[in-house]
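Residue-level structure breakdown
If you want the building blocks of each chain, they are given just below.
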Amino acid sequence: QVQLVESGGGLVQAGGSLRLSCAASGSIFRIYATGWFRQAPGKQRELVATITDAGTANYADSVKGRFTISRDNAKNMVYLQMNSLNAEDTAVYLCNADAKRTILGPRVIYWGKGTQVTVSS
């Protein structure tokens, strides 16, 4: 199994910054694309940012210029630097990973349980 554990969430004032981390562990052959999603109360889960194993990043329009996704392939870590936070960024942030456990095994999407980010205005 592949486990994803997010950390770094918390309470921050509007205009502040947070850095989220996601650690992947377990039986991992390779992690392909990985990303951050968020889900606010009463809303659907939405994509925040993704990054390929080659380092190509994509962002939701709502976070472009404020958030930066990065990854450390050697450590199986992915990060989300969030700057200029506002109340609309309040949500549970979850990471996912498109990964294979073995060289011949299937690619599976794994999810973490999330970390809460609350931005006070």
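In what follows, the accompanying structure is described. (Residues numbered from 1 in each chain as written. Predicted model: local features only at pLDDT ≥ 70, side-chain atom pairs only at ≥ 80, totals over all residues. Heavy atoms only, no water.)

**A short note on the packing of aromatic side chains**
Tallied over the entire structure, the rule returns 1 aromatic pair. Arg107 extends its terminal NZ or CZ atom over the ring of Tyr32, reaching a point 3.7 Å from the ring centre. (Phe/Tyr/Trp six-rings, centres within 6.5 Å; stacked < 30°, edge-to-face > 60°. Lys NZ or Arg CZ within 6 Å of the ring centre and 35° of its normal.)

**Some points on the nonpolar core**
For soluble globular proteins, the rule of thumb is that nonpolar side chains tend to be buried together. Counting residues in each nonpolar core, the largest one holds 29 residues, and the members touching the most others are Leu4, Trp36, Val48, Phe67, Leu80, Met82 and Tyr93. Put simply, the parts of the chain that give this core at least two residues each are strand 1 (2–7), strand 3 (18–26), strand 4 (30–39), strand 5 (46–51), strand 7 (67–72), strand 8 (77–82), strand 9 (91–100) and strand 11 (115–120). In terms of residue count, strand 9 provides more of this core than any other element does, 5 residues in total. (Core = buried A, V, L, I, M, F, W, Y, C linked by side-chain atoms within 4.5 Å. Buried < 20%, exposed > 50% of the residue type's maximum accessible area, 1.4 Å probe, protein only. Helix = DSSP H or I, 4+ residues; strand = E, 2+ residues; numbered from the N terminus.)

**Details of the state of the cysteines**
Under the definition given, this model contains 1 disulfide. Two residues share a disulfide in this structure: Cys22 and Cys95, whose sulfurs sit 1.9 Å from each other. Of this pair, Cys22 sits in strand 3 while Cys95 sits in strand 9, and the two are 73 residues apart along the sequence. (Disulfide = S-S within 2.5 Å.)

**Describing the pattern of salt bridges**
Within the structure shown, the criterion is met by 6 salt bridges. Among the salt bridges present, the one from Arg38 reaches Asp89, with a minimum N-O distance of 2.9 Å. Residue Arg38 is located in strand 4, and its partner Asp89 is located in the loop between strand 8 and strand 9; the two are separated by 51 residues in the primary sequence. Neither Arg38 nor Asp89 differs from the other in exposure class; each is buried. Lys64 serves as the salt-bridge partner of Asp61, at 3.2 Å between the closest nitrogen and oxygen. For the pair shown, Asp61 and Lys64 are each scored as exposed. Linked through salt bridges whose partners overlap, the residues forming this network are Arg38, Glu46, Arg66 and Asp89. (Salt bridge = Lys/Arg side-chain N within 4 Å of Asp/Glu carboxyl O.)

**Quick look at the sheet that holds strand 8**
Sheet architecture is open: 4 strands sit in the order 1-3-8-7, paired in antiparallel fashion. Each edge of the open sheet is held by one strand with a lone partner, namely strand 1 and strand 7. Pairwise comparison of adjacent strand axes, ignoring direction, gives a mean angle of 15° for this sheet. Here 6 bridges tie strand 1 to strand 3, and the two strands are oriented antiparallel to one another. Bridged to Val5 within strand 3 is Ala23. (Pairing = 2+ DSSP bridges. Axes fitted to C-alpha atoms, helices over the stretch in contact; angles between N-to-C directions.)

**As for a nonpolar patch on the surface**
The grouping of Phe29, Ile103 and Leu104 at the surface amounts to a nonpolar patch, some 380 Å² of accessible area in total. Among the secondary structure elements, Leu104 is positioned in the loop between strand 9 and strand 10 (107–111). (Patch = residues over 30% accessible without salt bridge, like charges linked within 9 Å, V, L, I, M, F, W, Y side chains within 5 Å. Areas by Shrake-Rupley, 256 points an atom, 1.4 Å probe, with all protein chains shown as cover.)

**Describing unusual backbone geometry**
A positive phi angle is found at Asn76, which is not glycine, with a value near 55°. For Asn76, a relative accessible area of 27% translates into the label partly exposed. Residues other than glycine seldom take positive phi values, yet Ser84 does so here, at roughly 50°. Taking the relative accessible area as the measure of exposure, Ser84 reaches 42% and is therefore partly exposed.

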